[in-house]
Amino acid sequence: FGEPFIVWHPRKYAEMLAEKLVKHNATAWLINTGWVGGSYGVGHRCPLKYTRAIINAIHDGSAAQEETVEIPIFGFQVPKKIRGVPDEMLIPEMFWKDKASFQ
């Protein structure tokens, strides 16, 4: 939906965001509030109670204190645990029943 407003390649916007995060010593969190557990028709929407638990952990600082694992494709650091959220839901590939389809 935003295509008419995106004049540069998405990488340019990612680089601009990264520069601002470094400049202002800030952190950013990417929250999956969409589809989990498989492709459309197989998986399901991320339950709101888990989204709330993740947001609460970010707000209270506990998410930043957890041990992380890197998501290989994107290089994101993801907490291994968040109170109230199944561990496997935090690592997208682990939550898919068909691991080959995730790739």
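As a starting point, this report considers the structure included with it. (Residues numbered from 1 in each chain as written. Predicted model: local features only at pLDDT ≥ 70, side-chain atom pairs only at ≥ 80, totals over all residues. Heavy atoms only, no water.)

### Observations concerning a nonpolar patch on the surface
In plain terms, the rule: A patch is a set of surface residues, each over 30% in relative accessible area and not in a salt bridge, joined within 9 Å for like charges and within 5 Å for the nonpolar side chains Val, Leu, Ile, Met, Phe, Trp and Tyr. Accessible areas in this description were obtained via Shrake-Rupley with a 1.4 Å probe; residue shielding takes into account the shown protein chains only. Whenever a carboxyl oxygen of Asp or Glu lies within 4 Å of a side-chain nitrogen of Lys or Arg, that contact is scored as a salt bridge. Every helix listed is a DSSP run of H or I at least four residues long, and every strand listed is a run of E at least two residues long, numbered separately from the N terminus.
Taken together, the side chains of L30, I73, F74 and F76 define a hydrophobic patch exposed on the protein surface, amounting to about 480 Å² of accessible area. Its location among the elements puts F76 in strand β4 (residues 76–79).

### Examining helix α2 (residues 48–60)
Applied cut-off: Here the expected length of a helix is defined as 1.5 Å per residue gap, with one fewer gap than residues. Here's how the labels work: a residue is buried when its accessible area is under 20% of the maximum for its type, exposed when over 50%, partly exposed in between, all with a 1.4 Å probe on protein chains only. Summarising the geometry, the arc corresponds to the directions from the helix axis toward the C-beta atoms. We call two residues in contact whenever any of their non-hydrogen atoms come within 4.5 Å of each other.
A rise of 1.5 Å per residue sets the reference length of α2, with its 13 residues, at 18 Å; its end C-alpha atoms lie 18 Å apart and thus fit the reference within 8%. Regarding α2, the residues found buried are Y50, T51, A53, I54 and A57. For α2, the angular spread of the buried residues around the axis is 160°, confining them to a single face. Exposed side of α2, more than 90 degrees from the buried face: L48, K49, R52 and H59 are the residues found there. Buried residues in α2 make contact with α3 (62–65) and α4 (87–90). Taken from the residues just after α2, G61 is the one with a positive phi, measuring 90°.

### Details of the packing of aromatic side chains
What counts, and what does not: Aromatic rings from Phe, Tyr and Trp, with only the six-membered ring used for Trp, were paired whenever their centres fell within 6.5 Å, and each pair was classed as stacked if the ring planes differed by under 30 degrees, edge-to-face if by over 60, and tilted otherwise. For a Lys NZ or an Arg CZ to count as sitting over a ring, it must be within 6 Å of the ring centre and within 35 degrees of the ring normal.
Applying the stated criterion to the full structure yields three aromatic pairs. Both rings, one in W35 and one in Y40, keep their centres 5.2 Å apart while their planes meet at 40°; by these two values the pair is tilted. Considering the side-chain rings of F74 and F76, the 5.3 Å spacing of their centres and the 15° angle between planes classify their relative orientation as stacked. Positioned over the ring face of W8 is K12, at 5.5 Å from the centre of the ring.

### Focus on the pattern of salt bridges
Taken as a whole and judged by the stated rule, the model has two salt bridges. Note that E67 is salt-bridged to K80, the shortest N-O span being 3.1 Å. One end of the pair, E67, is in the loop between α3 and β3 (68–71); the other, K80, is in the loop between β4 and α4, and 13 residues separate them in sequence. Judged by its relative accessible area of 54%, E67 is exposed. With a closest N to O distance of 2.7 Å, D87 and K81 form a salt bridge. Of the residues examined, D87 reaches a relative accessible area of 32% and is grouped as partly exposed. A relative accessible area of 45% places K81 in the partly exposed class.

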